[in-house]
Amino acid sequence: MSEITYLYDGSFEGFLCCIFDSYANKEVLTAICRDEDLVPALFTSRSIQTNRAHAGRVFRKVVKCSPYAAELLQKGFLTCLPDREWHLYRLVVKLLNEGPAFLRNFSDETLYPVAQAVRHLNGEAHLLKGFIRFSDLGGVLGGEIEPKNRVLPLLRGHFCARYREESFFLYDRTHQEALFYAGGKASIRPLEAFKMAQPDEEEARCRLLWKRFYDTIAIKERLNPKCRTTQMPQRYWKTMTEFQDEAYFKPRSSPAVCSAPGAPAVRSAPGTPPAPGLSVPGSSS
């Protein structure tokens, strides 16, 4: 069997086609990467065309072998695991060669990195369900997040059910894609160079009220910064209303910045840089 690097379009179906072609052509893969991420190496490379029929055959085979493995495959592709395609490929190869027994051994060297990455993905999605702040932008709710993993597919069902009668969007700064929902239909699409609009006066007042509420209920004597950062990691603060500076509360119809209600100095939240993550193409439903 020859050794080769596969290049694909970055989609989940494209990745499954890489698995299909490796078996069909009896090729041993040294790496799987997106076309734009190719790094020159000693091994030859080949671009794999996305074929939904081939992708479907691979996924159905994985489901037949183990529904749990299929879940790991789907969610693992959304994670920020370094070289995630390679880890997922090895998982599928071992599943097809040895069967699903190894999936019961969490310490297995093939299973462990994927399972850990999926656990991190699920945890991040769970936290964001409580940390996301939406703003009313002319009758449409809008929010922003900076996750490490591509969590929008996991958040879609939660927020579409919660705001069933609303129209909203949720922008992922890290992966430059957005979840759009209106009229009972949701879609995840790529969206570059997006900047949230300034609030109108009513929305600015609502933001101020929320910040005032957050500051008011604080009990200074019980302040525990370590506990707070454990339950609310600082990398989420950048998109949360209660931690923003005065510019965030400036209505677009006003020439001056509205002063936000002050919080004690010990509660001020420093700015944090965007969390790292992997870019992947958007998807729709």
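Each remark here, short or long, concerns the structure printed above.
Residues numbered from 1 in each chain as written. Predicted model: local features only at pLDDT ≥ 70, side-chain atom pairs only at ≥ 80, totals over all residues. Heavy atoms only, no water.

**What about the overall build of the chain?**
A tally of regular secondary structure across the chain gives 8 helices and 8 strands. Among the 285 residues that make up the chain, the fraction classed as buried is 44%. Excluding contacts between residues fewer than 6 apart, the proportion of contacts in the chain whose partners are at least 24 apart in sequence is 71%. Approximately 15,400 Å² of the chain is accessible, and the part contributed by carbon and sulfur atoms is 54%. (Helix = DSSP H or I, 4+ residues; strand = E, 2+ residues; numbered from the N terminus. Buried < 20%, exposed > 50% of the residue type's maximum accessible area, 1.4 Å probe, protein only. Contact = heavy atoms within 4.5 Å. Areas by Shrake-Rupley, 256 points an atom, 1.4 Å probe, with all protein chains shown as cover.)

**Some remarks on the nonpolar core**
In terms of nonpolar packing, the biggest core is built from 33 residues, with Phe15, Leu16, Leu73 and Leu103 touching the most fellow members. Among the elements of the structure, strand E1 (2–8), helix H1 (12–24), strand E2 (27–34), helix H2 (52–65), helix H3 (67–76), helix H4 (84–98) and helix H5 (111–131) are those that each provide at least two residues to this core. If one sorts the elements of this core by residue count, H1 sits on top with 7 residues. Not counting chain neighbours up to four residues away, the residues in contact with Leu16 comprise Ala55, Val58, Phe59 and Leu73. In this structure, Leu78, Ile145, Tyr214 and Tyr236 belong to the second largest nonpolar core, which totals 27 residues. (Core = buried A, V, L, I, M, F, W, Y, C linked by side-chain atoms within 4.5 Å.)

**Quick notes on the pairing of strand E6 (residues 168–172)**
Strand residues, when the strand is regular, have side chains that alternate between the two faces of the sheet. With 5 of its 5 residues buried, E6 lies for the most part within the structure. Of the two faces of E6, the one holding Phe168, Leu170 and Asp172 and the one holding Phe169 and Tyr171 are both buried throughout. With 5 bridges connecting them, strand E5 (residues 140–145) and E6 associate as parallel partners. From the neighbouring strand, Gly143 faces E6, where its bridge partner is Leu170. What joins E5 to E6 is helix H6 (residues 152–162), and the crossover it makes is right-handed. Where E6 meets strand E7 (residues 177–182), 5 bridges bridge the pair, whose relative direction is antiparallel. Within E7, the residue paired with Asp172 across the bridge is Glu177. Linkage of E6 to E7, two consecutive antiparallel strands, is achieved through a turn of 4 residues, within which Gln176 is found at a positive phi near 50°. (Pairing = 2+ DSSP bridges. Right-handed = clockwise from strand over helix to strand, strands pointing away.)

**A short note on H3**
Because each turn of an α-helix spans 3.6 residues, side chains separated by three or four positions end up pointing in the same direction. Of the positions making up H3, those classed as buried are Ala69, Ala70, Leu72, Leu73 and Gly76. Along the axis of H3, the buried positions cluster into a sector of 160°, meaning they face one direction only. (Arc of directions from axis to C-beta.)

**Overview of the packing of H2 against H4**
At a minimum axis separation of 11 Å, H2 and H4 run at an interaxial angle of 60°. Classified by the interaxial angle, the pair formed by H2 and H4 is oblique. H2 and H4 meet at a crossing whose hand is left-handed. Touching Lys61, Val62 and Cys65 of H2 are Val92, Leu95 and Leu96, all from H4. Here the contact of H2 with H4 is built from residues that sort into 5 nonpolar, no polar and 1 charged. (Axes fitted to C-alpha atoms, helices over the stretch in contact; angles between N-to-C directions. Parallel < 35°, antiparallel > 145°, perpendicular 65-115°, else oblique. Left-handed = near helix turned anticlockwise from the far one by under 90°. Nonpolar A, V, L, I, M, F, W, Y, C, P; charged D, E, K, R; others polar.)

**Side note on the packing of aromatic side chains**
Across all of its chains, the model carries 18 aromatic pairs by this definition. With a centroid separation of 6.1 Å and 80° between ring planes, the pair formed by Phe12 and Phe59 is classed as edge-to-face. Of this pair, Phe12 sits in helix H1 while Phe59 is found in helix H2, placing the two residues 47 residues apart along the sequence. When its relative accessible area of 18% is taken as the criterion, Phe12 is described as buried. (Phe/Tyr/Trp six-rings, centres within 6.5 Å; stacked < 30°, edge-to-face > 60°.)

**Quick look at the environment of Phe12**
Distance in space between the C-alpha atoms of Phe12 and Gln74 is 7.9 Å, their sequence separation being 62 residues. Here Phe12 is in contact with Phe59, Leu73, Gln74 and Phe77, once residues within four sequence places are set aside.

**Quick look at the pattern of salt bridges**
Considering all chains together, one arrives at 12 salt bridges under this definition. One salt bridge connects Glu124 with Arg235, and the closest N-O pair in it is separated by 2.7 Å. Here Arg235 lies in the segment after helix H8 (225–231) and Glu124 lies in helix H5, a separation of 111 residues in the sequence. Several salt bridges share partner residues, and in doing so they unite Asp21, Glu27 and Arg46 into one network. (Salt bridge = Lys/Arg side-chain N within 4 Å of Asp/Glu carboxyl O.)

**Observations concerning a negative patch on the surface**
Taken together, the side chains of Asp136, Glu165, Glu166 and Glu202 present a region of like negative charge at the surface. Summarising the element assignment, Asp136 is placed in strand E4 (residues 135–137). (Patch = residues over 30% accessible without salt bridge, like charges linked within 9 Å, V, L, I, M, F, W, Y side chains within 5 Å. Lys, Arg positive; Asp, Glu negative; His and termini not counted. Charge placed at Lys NZ, Arg CZ, Asp CG, Glu CD.)

**A word on the sheet that holds E5**
Strand order in the open sheet formed by 5 strands is E4-E5-E6-E7-E8, with mixed pairing between adjacent strands. Both edges of this open sheet fall to E4 and strand E8 (185–190), since each of them pairs with a single strand only. Within the sheet, the average angular offset between the axes of one strand and its neighbour, ignoring direction, is 25°. The pairing of E7 with E8 spans 6 bridges and is antiparallel.

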